[in-house]
Amino acid sequence: MRILVTGGAGYIGSHTVLLLLEEGHEVHVFDNLSNSSPEALNRVAEITGREARLHVGDLLDQRQLDDVFAELKPDAVIHFAGLKAVGESVDFPLRYYRNNVTGTLNLLEAMDSHDVHTLVFSSSATVYGDAGVVKYREDLKLDAVNPYGRTKMHVEQMLEDVAGSSDKWHIARLRYFNPVGAHESGRIGEDPTGIPNNLMPFISQVAVGRRPVLRIFGNDYATPDGTGVRDYIHVVDLAAAHLAALEYCIDHSGAHAWNIGTGHGSSVMEVLHAFERASGRDIPFELVDRRPGDLAEYYADPTLAREEIGWKAERGLEEMVADNWRWQSTNPDGYPDADPADLPDTDPSEEDGVKGSKPKRATGPNETTKL
Ligand code: NAD
Ligand code: UFG
């Protein structure tokens, strides 16, 4: 298949592009590089021996989307592009609604007008909000509690409406739990800008000496060791879920939703100790107050994904932390910074006024189209 992957230079996108190339698909990435480096795609090419073509463009620019669809006529779209920091979404909700909701609306319009109706969308367990239970099933009411989560919820509802309007739409909504880890090669991984918000990248940066200490947000939750419990999912298992969902979508119309998690929760302390074993280093930590908005414990019921798309997670916590450590220890500063002369000279997002959308770094992908 010819597949267009929005946000394909990012963390989860690059791992999915890798699997798509390994499966023999023709892959095109549409990304504004606001939170990613084209070096990730260079490395994917180095691992797979095949290349994805990068189209530097912004979802907020309808013309750029139309150009790409007119040129490529893809068979399907996997849609990762979006902003994802919960705290930032509280401070800048309009930026989040614009990028995530308007961006997706633009994408759907471009798809429809070019007769492309198969889509896999990156949703999140955050759409459930505080569900009042710890094991989340897909039939729980969606009730996101922060602007980021609400953008995902609104997009999910938009996708349901679109699929309800005509059988031509074949849509998968994947509700990710907590993606962590890296490709086993250690060549690609998560490379957050600034201070990491999430546990695993924070622990990795402490282990590698970039940060002095991990702050554990609360040890008085009603969990076995008092620290927060989450369902961590290896990013390569998560990437594989996209291929399974895509295959299902080929023969099934509608807007389907699946939880993508292991079905097993791990506490902050368990993750910390697993990371210490994998890295052979002590990870200094301090106990601090709870982080506002955090829940004590939740994890996926992944039964539906296993039954309907034949997907289940294969990798456990030890593999997640070992792969994370391989990536972080061999790339302590993430992807290398670019020579400014190599930066793509198109920055469409500037016209759109999306802050933080300047290309983060660029090292010149093998084949790039500037829109
Ligand atoms: P990421 O930031 O690494 O990747 C997102 C990519 O989208 C980046 O390459 C960025 O440059 C691009 N992008 C953003 N806005 C764009 C726009 N307007 N036009 C074109 N490109 C744009 O994030 P990720 O962790 O790989 O997440 C991918 C998706 O999965 C996101 O939609 C995110 O909300 C969702 N998700 C992530 C997590 C997580 O913990 N990582 C959890 C649940 C859901
Ligand atoms: N934690 C710490 N210290 C840190 C970071 C996190 O103790 O420095 C704790 C949190 O309190 C929580 C656990 O580690 O108990 C996991 O926190 P993360 O920030 O890694 O992940 P969250 O579960 O809070 O949220 C993540 C994404 C959201 C997404 C959600 C989906 O950040 O975008 O998973 O389940 F919506």
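Above this text you will find the structure in question.
Not measured: the values here are computed from a predicted model. (Residues numbered from 1 in each chain as written. Chains lettered and ligands numbered in written order. Predicted model: local features only at pLDDT ≥ 70, side-chain atom pairs only at ≥ 80, totals over all residues. Heavy atoms only, no water.)

A. Examining the packing of helix α1 (residues 11–22) against helix α2 (residues 39–48) more closely. Look at α1 against α2: their axes get within 10 Å of each other, and the N-to-C directions meet at 30°. For the element pair α1 / α2, the angle class is roughly parallel. Crossing handedness for the pair α1 and α2: right-handed. The residues of α2 that touch α1, namely those facing Ser-14, Val-17, Leu-18, Leu-21 and Glu-22, are Ala-40, Leu-41, Val-44, Ile-47 and Thr-48. Split into classes, the residues belonging to the contact of α1 with α2 amount to seven nonpolar, two polar and one charged. (Axes fitted to C-alpha atoms, helices over the stretch in contact; angles between N-to-C directions. Helix = DSSP H or I, 4+ residues; strand = E, 2+ residues; numbered from the N terminus. Parallel < 35°, antiparallel > 145°, perpendicular 65-115°, else oblique. Left-handed = near helix turned anticlockwise from the far one by under 90°. Contact = heavy atoms within 4.5 Å. Nonpolar A, V, L, I, M, F, W, Y, C, P; charged D, E, K, R; others polar.)

B. Up close: unusual backbone geometry. Positive phi outside glycine occurs at Lys-73, with the angle close to 45°. Mapped onto the secondary structure, Lys-73 falls in the loop between α3 (62–72) and β4 (76–79). In the Ramachandran plot, Asp-115 falls in the positive-phi region, its phi being about 60° despite a non-glycine side chain. You can see Asp-115 is positioned in the loop between α5 (93–113) and β5 (118–124).

C. Here's a closer look at the site of ligand 2. Taken together, 22 residues are adjacent to ligand 2, and Asn-198, Arg-215, Arg-230, Arg-291 and Asp-294 come closest. With respect to ligand 2, the side chain of Asn-198 contributes an N or O atom lying 2.7 Å from an oxygen atom. Contact with the protein chains covers 91% of the free accessible surface of ligand 2, which is 690 Å². The element that contributes the greatest number of residues to the shell around ligand 2 is strand β9 (residues 214–217), accounting for four residues. Residue classes in the shell around ligand 2 are distributed as eleven nonpolar, six polar and five charged. (Near = heavy atom within 4 Å. Polar contact = N/O pair within 3.5 Å; in protein donor to acceptor, adjacent residues only side chain to side chain. Areas by Shrake-Rupley, 256 points an atom, 1.4 Å probe, with all protein chains shown as cover.)

D. Layout of the pattern of salt bridges. Counted under the stated rule, the structure contains 18 salt bridges. Glu-190 is the partner of Lys-84 in a salt bridge, and the nearest nitrogen-oxygen pair spans 3.8 Å. Of the two residues, Lys-84 sits in the loop between β4 and α4 (86–91) while Glu-190 sits in the loop between β8 (178–180) and α7 (199–207), which places them 106 residues apart along the sequence. Taking relative accessible area as the criterion, Lys-84 reaches 46% and is therefore assigned partly exposed. On the basis of relative accessible area, Glu-190 is assigned to the buried category, the value being 14%. Glu-156 serves as the salt-bridge partner of Arg-175, at 2.6 Å between the closest nitrogen and oxygen. With a gap of 19 residues between them, Arg-175 in strand β7 (residues 170–176) and Glu-156 in helix α6 (residues 147–165) connect regions that are remote in the sequence. Residues participating in the shared-partner salt-bridge network are Glu-156, Glu-160, Arg-173 and Arg-175. (Salt bridge = Lys/Arg side-chain N within 4 Å of Asp/Glu carboxyl O. Buried < 20%, exposed > 50% of the residue type's maximum accessible area, 1.4 Å probe, protein only.)

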